[in-house]
Amino acid sequence: MPELAPGLLYFPDYLDRAAQEALAAEIRALVKDAPLFTPAMPRTGKPFSVRMTNCGPLGWVSDREGGYRYQATHPVSGKEWPPMPQRLLRAWEDLAAYPDPPEACLVNFYGPEARMGLHQDRDEADFSAPVLSVSLGDSCLFRYGGQERSGRTRSLKLHSGDVVVIGGASRLCFHGVDRILPGTSTLLANEGRINLTLRRVTRAT
Ligand code: MD3
Ligand code: FE
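Everything in this summary refers to the structure shown in the same document. Quantities reported herein were computed from a predicted structural model and do not represent experimental measurements. (Residues numbered from 1 in each chain as written. Chains lettered and ligands numbered in written order. Predicted model: local features only at pLDDT ≥ 70, side-chain atom pairs only at ≥ 80, totals over all residues. Heavy atoms only, no water.)

Remarks on the packing of aromatic side chains
Think of a pair of aromatic rings as described by two things: how far the centres are apart, and how the planes are tilted against each other in angle.
And then number 1: Summed over all chains, the structure comprises 5 aromatic pairs.
And then number 2: Geometrically, the ring pair formed by Phe 11 and Tyr 14 is edge-to-face, given 6.5 Å between the ring centres and 65° between the ring planes.
And then number 3: The exposure class assigned to Tyr 14 is partly exposed, which follows from its relative accessible area of 29%.
And then number 4: On the numbers, 6.1 Å between centres and 65° between planes, the contact of Phe 48 with Trp 60 is edge-to-face. One end of the pair, Phe 48, is in the loop between α1 (17–33) and β3 (51–55); the other, Trp 60, is in strand β4 (residues 59–61), with 12 residues separating them in the sequence. Neither Phe 48 nor Trp 60 differs from the other in exposure class; each is buried.
And then number 5: Connected via pairs of aromatic rings, a cluster forms that spans Phe 48, Trp 60 and Tyr 68. (Phe/Tyr/Trp six-rings, centres within 6.5 Å; stacked < 30°, edge-to-face > 60°. Buried < 20%, exposed > 50% of the residue type's maximum accessible area, 1.4 Å probe, protein only. Helix = DSSP H or I, 4+ residues; strand = E, 2+ residues; numbered from the N terminus.)

What follows is the structure, encoded as structure tokens:
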């Protein structure tokens, strides 16, 4: 019974160890092609503690001047994003219950000190599609609430191999990463956590 809240589906250990290792290797290769960059907050230019890259036709970027947006090219190299690994597309087909494939996969890399403040994912044109999240490496303490910032929140530990599908009434929930729990996984060579989020960006025609 994986429903944590209406529309919020939790699949602990969806990827077994072999699949996690294969996916981690694919992400390492992808990061060589599309290196991690440090996004910055709109207007203030304050850097994120999380480093990012993307794969798929579109990628999420942010900087002082342009703000949050999706674009087809890497903000530093100017190259198109590499393709999405097949096993991520398969996870979407298996779990997302949405007819069209994801257009963007945001790759977040958290070092042991990185965190992500409470926010909503609302830079996409179509909220009828869910967001699908895959965690790799160290566990984290995750926090999520309701559709208002001031609402009560719950904590959830996310572990390597876990998948969360955020759809329906939970699609616009506030959420964030309170902290990484270093040393909780042996998957990656170094401490830290990788999170992959698959998203639809444009409105289906
Ligand atoms: C919403 N990333 O990139 S994954 C983001 O772990 C982002 O890196 C987080 O938020 C990360 O925008 C979260 C998506 C996620 C996972 C579980 C949730 C969103 C959730 C549970 C409740 C509500
Ligand atoms: Fe988010």
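With respect to the site of ligand 1
And then number 1: Close to ligand 1 lie 18 residues; Asn 108, Tyr 110, His 175, Arg 193 and Arg 199 are nearest.
And then number 2: One nitrogen or oxygen atom from the side chain of His 175 is found 2.9 Å from an oxygen atom belonging to ligand 1.
And then number 3: The contact in question runs from an oxygen atom of ligand 1 to an N or O atom on the side chain of Arg 193, over 2.9 Å.
And then number 4: For ligand 1, whose free accessible area comes to 520 Å², the fraction covered by protein is 98%.
And then number 5: Counting only elements with at least two residues in the shell around ligand 1, the list comes to β6 (104–110), β7 (116–119), β9 (139–144), β11 (163–166), β12 (175–181) and β13 (193–199).
And then number 6: In terms of residue class, the shell around ligand 1 is made up of 9 nonpolar, 6 polar and 3 charged. (Near = heavy atom within 4 Å. Polar contact = N/O pair within 3.5 Å; in protein donor to acceptor, adjacent residues only side chain to side chain. Areas by Shrake-Rupley, 256 points an atom, 1.4 Å probe, with all protein chains shown as cover. Nonpolar A, V, L, I, M, F, W, Y, C, P; charged D, E, K, R; others polar.)

With respect to the sheet that holds β6
And then number 1: The antiparallel open sheet is built from 7 strands, whose spatial order is β1-β2-β11-β8-β13-β6-β3. Only two strands of the sheet have a single partner each, and these edge strands are β1 (3–5) and β3. Geometrically, the sheet is characterised by an average inter-axis angle of 20° between neighbouring strands, direction not taken into account.
And then number 2: As paired elements, strand β8 (residues 131–137) and β11 share 4 bridges and run antiparallel to each other. Each residue of the ladder has a partner; that of Val 134, found in β11, is Val 163. (Pairing = 2+ DSSP bridges. Axes fitted to C-alpha atoms, helices over the stretch in contact; angles between N-to-C directions.)

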